[in-house]
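# Breakdown of the fold
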Amino acid sequence: MDEIQQVRVEILGRPFNIGTPRSEHETLMQAVKMLNEKIAAIQSSGRIVETDKIVIMAALNLAHDLLKLTMHGDLAVGDFDRKMQDMIQLCESTLTLVVK
């Protein structure tokens, strides 16, 4: 089992200690960086000044970005993976028939 480590990060200039498996440390740091970048972009626009609204908008933007990456049209990633596996299996079956 992966050991949990405490990682100190800063979000909006505030320190947080977050428990994360050692194997996910780099991913956590990337997520914190992305969140801080979204927060900075929203702050620099000057349209929103309340901290809680800035954080909510940053989280919403990141969730939206994630959904755009995981969906293509109406095809979810899981559906895409299944379709790819079906195509691979069909190709392998066809190749087996051709080789015989």
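Higher on the page you've got the structure.
Because the structure is a prediction, the values reported are computed rather than measured.

Once that is clear, we can look at the side chain of Thr20. Mapped onto the elements of the fold, Thr20 is located in strand E2 (residues 14-21). Residue Thr20 is classed as buried on the basis of its relative accessible area, which comes to 6%. Non-local contacts of Thr20, meaning those with residues more than four positions away in its chain, are made with Glu3, Ile4, Gln5, Val7, His25 and Leu28.

Turning our eyes to something else, we now look at the pairing of E2. On a regular strand, one side chain projects to one face of the sheet and the next to the other, so that they alternate. In terms of strand pairing, strand E1 (residues 4-11) meets E2 through eight bridges, oriented antiparallel. Looking across to E2, one finds that Ile4 is bridged to Pro21. Count of turn residues in the E1/E2 antiparallel hairpin: two residues, of which Leu12 carries a positive phi of about 55 degrees.

Another point: unusual backbone geometry. The backbone of Leu12 shows a phi angle near 55 degrees, a positive value even though the residue is not glycine. Mapped onto the elements of the fold, Leu12 is located in the loop between E1 and E2.

Let us now look at the nonpolar core. Counting eleven residues, the largest nonpolar core consists of Val7, Val9, Ile11, Leu28, Val32, Leu35, Ile39, Ile42, Ile54, Ala58 and Leu62. Listed by contribution, the elements that provide at least two residues to this core are E1, helix H1 (25-45) and helix H2 (51-70). With residues near it in sequence (within four places) discarded, Ile39 still touches Ile11, Leu12, Ile54, Val55 and Ala58.

Once that is clear, we can look at the side chain of Gln5. Considering the arrangement of structural elements, one finds Gln5 in strand E1. For Gln5, a relative accessible area of 15% translates into the label buried. The contact partners of Gln5, leaving out residues within four places of it in the chain, are Ile18, Gly19, Thr20, Arg22 and His25.

Inspection of the secondary structure puts Ile4 in strand E1. Expressed as a C-alpha distance, the spacing of Ile4 and Thr20, which sit 16 residues apart in the sequence, is 5.2 Å. Once residues lying within four places of it in the same chain are set aside, the contact partners of Ile4 are Gly19, Thr20 and Pro21.

The final tally for this structure, using the stated rule, is four salt bridges. Between Glu37 and Lys33 there is a salt bridge, and its shortest N-O distance comes to 3.2 Å. Remark: Lys33 and Glu37 occur in helix H1; sequence separation between them is four residues, near one turn of the helix. Taking relative accessible area as the criterion, Glu37 reaches 43% and is therefore assigned partly exposed. Lys38 serves as the salt-bridge partner of Asp65, at 2.8 Å between the closest nitrogen and oxygen. In this pair, Asp65 is assigned in helix H2 and Lys38 in helix H1, connecting sequence segments 27 residues apart.

Conventions adopted
Residues numbered from 1 in each chain as written. Predicted model: local features only at pLDDT ≥ 70, side-chain atom pairs only at ≥ 80, totals over all residues. Heavy atoms only, no water. Helix = DSSP H or I, 4+ residues; strand = E, 2+ residues; numbered from the N terminus. Buried < 20%, exposed > 50% of the residue type's maximum accessible area, 1.4 Å probe, protein only. Contact = heavy atoms within 4.5 Å. Pairing = 2+ DSSP bridges. Core = buried A, V, L, I, M, F, W, Y, C linked by side-chain atoms within 4.5 Å. Salt bridge = Lys/Arg side-chain N within 4 Å of Asp/Glu carboxyl O.

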